[in-house]
Amino acid sequence: MTLLHLAIIAPFLMAILVPFLYKAFRSIHTGWFVLPLPIVLFIYFLQYLPLTREHNTVTKTMEWIPSLGMNFTAHVDGLGLLFALLITGIGSLVVLYSVYYLSKKKEQLHNFYVYLLLFMGAMLGVVLSDNLIVLYMFWEFTSFSSFLLIGYWYHRERSRYGAEKSMLITVFGGLSMLGGFLLLSLMGNTFSIRELISQAGDLTAHPLFIPAMLLVLLGAFTKSAQFPFHIWLPDAMEAPTPVSAYLHSATMVKAGIYLVARLSPVFAISGVWLWLVGGIGILTLFWASFNAVKQTDLKGILAYSTVSQLGLIMSLLGVGAAALHFEGMDENIYTVATLAAVFHLINHATFKGSLFMVVGIVDHETGTRDIRRLGGLMSFMPITFTIAIIGSLSMAGLPPFNGFLSKEMFFTAMVHVLELDFFSLETWGFLFPVLAWVGSIFTFLYSVMLVSKTFTGKYQPEKLEKKPHEAPFGMLISPIVLASLVIIFGFFPNILSETIIAPAVGVILASLLHAGEEFHVHISHWHGFTIEVRMTLGVILVGLGLYKLLPKWMKVYNLQPEKLTFNYLYDRGLELMDQTSYKFTRSYMTGFIRSYLVYIFIFFISILSITLVVRNGFVLDTSNVAPVGTYEIVLAIVMVAGTITTLLAKSRLTAIIALGSVGYSVSLFFVLFRAPDLALTQLVIETVSVALFLLCFYHLPKLSRHETRMSFKLGNAVISLGVGAIVTLIALSAHSQKLFDSIAQYYVENTYNEAGGKNMVNVILVDFRGFDTMFEICVLGIAALGIFSMIKLRLTRRKEG
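From a predicted model like this one, the values you see are computed outputs, not experimental measurements.

## Here's the deal with the nonpolar core
- Grouped together as the largest cluster of nonpolar side chains are 217 residues, with contacts concentrated most on Phe-45, Phe-181, Leu-184, Phe-267 and Ile-501.
- Of the residues forming this core, the biggest block, 18 residues, is contributed by helix H17 (residues 335-366).
- Every residue in contact with Phe-45, bar those within four places of it in the chain, is listed here: Leu-4, Ala-7, Leu-81, Ala-84, Leu-85, Thr-88, Leu-124 and Leu-128.

Right, here's the structure in full:
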């Protein structure tokens, strides 16, 4: 195992130790033991910056299932490193914040940190895996671990509801994505993402190209909460604030963004990709920002703002696909879309992470997140207010913060869509800049609301559960660091230009780079009084006007009937599925074993008979069949007679004896076929079985008239004959056509040489099929223990009685 692989699985290893540390050091907050890991991982990944800056990569492979092309291949390039630094860097700040946010006396901290570490490891696996199947495995692990984190306060009904909702929607997308991955592997004959990218030109013409793209995008859209799958993210805010700050600002919701960025070199040449990724993204931006304004819960506002910002990044990645239709890279204005997407990805993690922590502080120190009960907190919490101002202004896209720079690039990319004349963009392309501008107005509006409704206005102490005060310094460290990064990246954006942004953009738009060519980035604050600046001024003026008139137009949200909301459709859909499945299940789960056997046998007969007919599988070849002797015929007649007698007998004793005759006849067959070991085994088992039957049935009453009277049922007869016939046909066909040599000769040649035994049957059972035999013995042992327990329980009850 390489150091890179160890870095990925380190959080999983640490998760194993956390419960022991929690139990051994109860006086110390468990977070202090966890904190060093993400810090060390962050420092470790920083060492790759000089390498990726030169657009180089590192690939390490650990074999897993090489025969199927599934290996744990860790690949570090500019894009993967960007996400790895976000995961570990923000993770370090979140763990530090949680030390002060979560009480070691009231919370089950070992559970929290185990879930958090599992999630951290899963995200690192997603962004650093080159193999699609390994990526999918980690992808689903993020859904599982986020389910545990969202439902951490499982005693709350809303937490359980939010966890279930996120799991159902993201796992649905994950399964769809797996289908897309399998189609990609069929198209490219590989699971390697790098190899698929190298074949991108050939894959485009494949008939499975569009289906694979749609399935992959379903996974990306559900994970990154794109319209209409966005409904899970607001309900996920029931998780503790450190979880929201981590999952919903920098990591989990960015997984879908990562997937789209990673597979852009494969799919982006298609107009379907541009319209789906760009169109869904810009629609998500508008819809979520519009709905964020009506929220009254601070985390609800941030939830919808996260959805809108994810839509912004997704739309940029979609529009960035237009760059692939032009020559050159540095001169190509359409590369600004991808550049803006990567830059805003970083900016969003900084300002949104700080805002989530601010909201957590407000909730922690006042006991509420309801903006209708808050107000006037500026004088009580000046540091928290300052952080909120910085984060909100950056989110609103105002100078001099980093959000302003990436938002201006966003406007630039959307405006230049009007110049495109392919994929019907000359007709409908105007929707991109229009929705971008309108969505930015509502973004400005909810950013203003977030600060003004919480920190300014009238102070309402009677509506607060606690007397507000500034948070402990330890809880302020993480949001201060993030707010400082907002300012630093705003004033000095080119710190990131060549070190992080350019390598990541180069990976996404790799097909535009010629051999040896490098992509360079330089970010400027001022380009003159451009249309982007005028759009920003319009956003501010219209946004302030809407804020001033807020009470007059808020009634517009009441126009949408509740039954037409996506949440209602989701809830009602689950109810209908539950009711339908219950009724359907009740229709066939009758409680009678006979009914279940009928279903099984009918399915058995139908599937196998259809397969024999469709595949032309029935073949009868008697050339290698030994002649049937008199003894075999006599024994067969005895077995049939014994079986019929067992069914028709009016005495249990007669039925047992007839059943025993069948078993003894089988042992005689083994004698005729020269298998004395099997014959002896059969004789012993049959003798013991008959003796036990006689012992047990001796204590039972005589057969009643209902048990002795057997009526003829046509359905049962047809099913019985059908099962017998199909099994006979399969047996004859299997014997008549052998696709490969029998394994018998292998045992003959290797029984003595490999296992050192002369009794072939014993060697097969003990050596070649040792595990099978061992498990059979285990099953018998478990059954014996169960029977013994029931006997002891019955005897105990008798004594008590």
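Additional details are given in the paragraphs that follow.
## Some points on the packing of aromatic side chains
- Evaluation of the coordinates by the stated rule reveals 39 aromatic pairs.
- Pairing Trp-553 with Tyr-557 gives two aromatic rings, centres 6.1 Å apart and planes at 40 degrees, and the pair type is tilted.
- For Trp-553, a relative accessible area of 17% corresponds to the buried category.
- Taking NZ or CZ as reference, Arg-156 lies 4.1 Å from the ring centre of Trp-153, over its face.

## A word on unusual backbone geometry
- The omega torsion of the bond from Phe-227 to Pro-228 falls at 0 degrees, within 30 degrees of zero and hence cis.
- Mapped onto the elements, Pro-228 comes out in the loop between helix H11 (209-223) and helix H12 (232-235).
- A cis amide bond links Pro-399 to the next residue, Pro-400, at an omega of 10 degrees.
- For Pro-400, the location among the structural elements is in the loop between helix H18 (382-396) and helix H19 (402-416).
- Backbone geometry places His-55, a non-glycine residue, at a positive phi of 60 degrees.
- Structurally, His-55 is set in the loop between helix H4 (49-53) and strand S1 (58-65).
- Although it is not a glycine, Asn-616 sits at a positive phi angle of roughly 50 degrees.
- Its place among the elements puts Asn-616 in the loop between helix H27 (593-614) and helix H28 (630-648).

## Regarding the environment of Gly-375
- For Gly-375, the position within the fold is in the loop between H17 and H18.
- In this structure Gly-375 comes out as buried when scored by relative accessible area, which is 3%.
- Between the C-alpha atom of Gly-375 and that of Phe-455, which follows or precedes it by 80 residues, the distance is 5.1 Å.
- In this view, Gly-375 contacts Lys-453, Thr-454, Thr-456, Lys-458, Tyr-459 and Gln-460; residues no more than four positions away in its chain are not counted.

## Points about a nonpolar patch on the surface
- There is a patch of nonpolar side chains on the surface, built from Met-1, Leu-3, Leu-6, Leu-13, Ile-16 and Phe-20 and spanning about 650 Å² of accessible area.
- If you trace the backbone, Ile-16 turns up in helix H1 (residues 3-24).
- Of the residues examined, Ile-16 reaches a relative accessible area of 53% and is grouped as exposed.

## Some remarks on the side chain of Thr-306
- Among the secondary structure elements, Thr-306 is positioned in helix H16 (residues 298-319).
- A polar atom in the side chain of Thr-306 sits 2.8 Å from the backbone oxygen of Leu-302.
- Within the structure, Thr-306 has its side chain in polar contact with the side chain of Lys-352 (distance 3.2 Å).
- Beyond its immediate chain neighbours, meaning those up to four positions away, Thr-306 contacts Leu-233, His-248, Val-253, His-348, Lys-352 and Phe-356.

## What to know about the pairing of S1
- Relative to strand S2 (residues 70-76), S1 runs antiparallel, the two being bridged by seven bridges. Bridged to Met-62 within S2 is Phe-72.
- Remark: four residues form the turn of the hairpin made by S1 and S2, two consecutive strands paired antiparallel; Gly-69 in that turn has positive phi of roughly 75 degrees.

## Quick notes on the packing of helix H5 (residues 78-101) against helix H23 (residues 494-508)
- Direction vectors running N to C along H5 and H23 enclose 130 degrees, while the axes themselves pass 7 Å from each other. By the angle between their directions, the pair H5 and H23 is classed as oblique. Across from Gly-78, Leu-79, Leu-82 and Leu-85 in H5, the residues of H23 making contact are Ile-500, Pro-503, Ala-504, Val-507 and Ile-508.
- Here the residues of the contact of H5 with H23 are counted per class, giving eight nonpolar, one polar and no charged.

## Some words on the side chain of His-75
- Of note, His-75 is situated in strand S2.
- For His-75, a relative accessible area of 7% gives the class buried.
- Here the side chain of His-75 touches Thr-59 through a polar contact of 2.7 Å, side chain to side chain.
- Discounting residues that sit within four places of it in the chain, His-75 has contacts with Thr-57, Val-58, Thr-59, Leu-128, Asp-130 and Arg-194.

## Description of the pattern of salt bridges
- In total, this model carries 10 salt bridges according to the counting rule given.
- Among the salt bridges present, the one from Asp-363 reaches Arg-369, with a minimum N-O distance of 3.4 Å. Comparing Asp-363 with Arg-369 shows no difference in burial state: the two are buried.
- Among the salt bridges present, the one from Arg-572 reaches Glu-575, with a minimum N-O distance of 3.0 Å. Taken as a pair, Arg-572 and Glu-575 lie in helix H26 (residues 566-588) at a separation of three residues, close to a single helical turn.
- The class for Glu-575 is partly exposed, based on a relative accessible area of 39%.
- One network of salt bridges, with partners in common, ties together Arg-158, Lys-165 and Asp-235.

## Some thoughts on H28
- In this model H28 runs 27 Å from its N-terminal to its C-terminal C-alpha over 19 residues, within 8% of the 27 Å that 1.5 Å per residue would give.
- Three or more residues of H28 are buried, namely Glu-632, Leu-635 and Gly-642. Looking straight down H28, one finds its buried side chains confined to an arc of 90 degrees; they lie on one side. For H28, exposure combined with an orientation more than 90 degrees from the buried face picks out Thr-630, Ile-637, Leu-647 and Leu-648.
- For H28, the elements touching its buried residues are helix H29 (652-672).

## Details of the environment of Thr-204
- Mapping Thr-204 onto the fold places it in the loop between helix H10 (200-203) and H11.
- In this structure the C-alpha to C-alpha distance between Thr-204 and Phe-227, which are 23 residues apart in sequence, comes to 26 Å.
- What Thr-204 contacts, discounting residues up to four positions off in sequence, is Phe-209 and Ile-269.
- Looking at Thr-204, its side chain comes within polar contact range of the main-chain oxygen of Ala-200, at 3.0 Å.

Cut-off values and rules
- Residues numbered from 1 in each chain as written.
- Predicted model: local features only at pLDDT ≥ 70, side-chain atom pairs only at ≥ 80, totals over all residues.
- Heavy atoms only, no water.
- Core = buried A, V, L, I, M, F, W, Y, C linked by side-chain atoms within 4.5 Å.
- Buried < 20%, exposed > 50% of the residue type's maximum accessible area, 1.4 Å probe, protein only.
- Helix = DSSP H or I, 4+ residues; strand = E, 2+ residues; numbered from the N terminus.
- Contact = heavy atoms within 4.5 Å.
- Phe/Tyr/Trp six-rings, centres within 6.5 Å; stacked < 30°, edge-to-face > 60°.
- Lys NZ or Arg CZ within 6 Å of the ring centre and 35° of its normal.
- Patch = residues over 30% accessible without salt bridge, like charges linked within 9 Å, V, L, I, M, F, W, Y side chains within 5 Å.
- Areas by Shrake-Rupley, 256 points an atom, 1.4 Å probe, with all protein chains shown as cover.
- Salt bridge = Lys/Arg side-chain N within 4 Å of Asp/Glu carboxyl O.
- Polar contact = N/O pair within 3.5 Å; in protein donor to acceptor, adjacent residues only side chain to side chain.
- Pairing = 2+ DSSP bridges.
- Axes fitted to C-alpha atoms, helices over the stretch in contact; angles between N-to-C directions.
- Parallel < 35°, antiparallel > 145°, perpendicular 65-115°, else oblique.
- Nonpolar A, V, L, I, M, F, W, Y, C, P; charged D, E, K, R; others polar.
- Expected span 1.5 Å × (residues − 1).
- Arc of directions from axis to C-beta.

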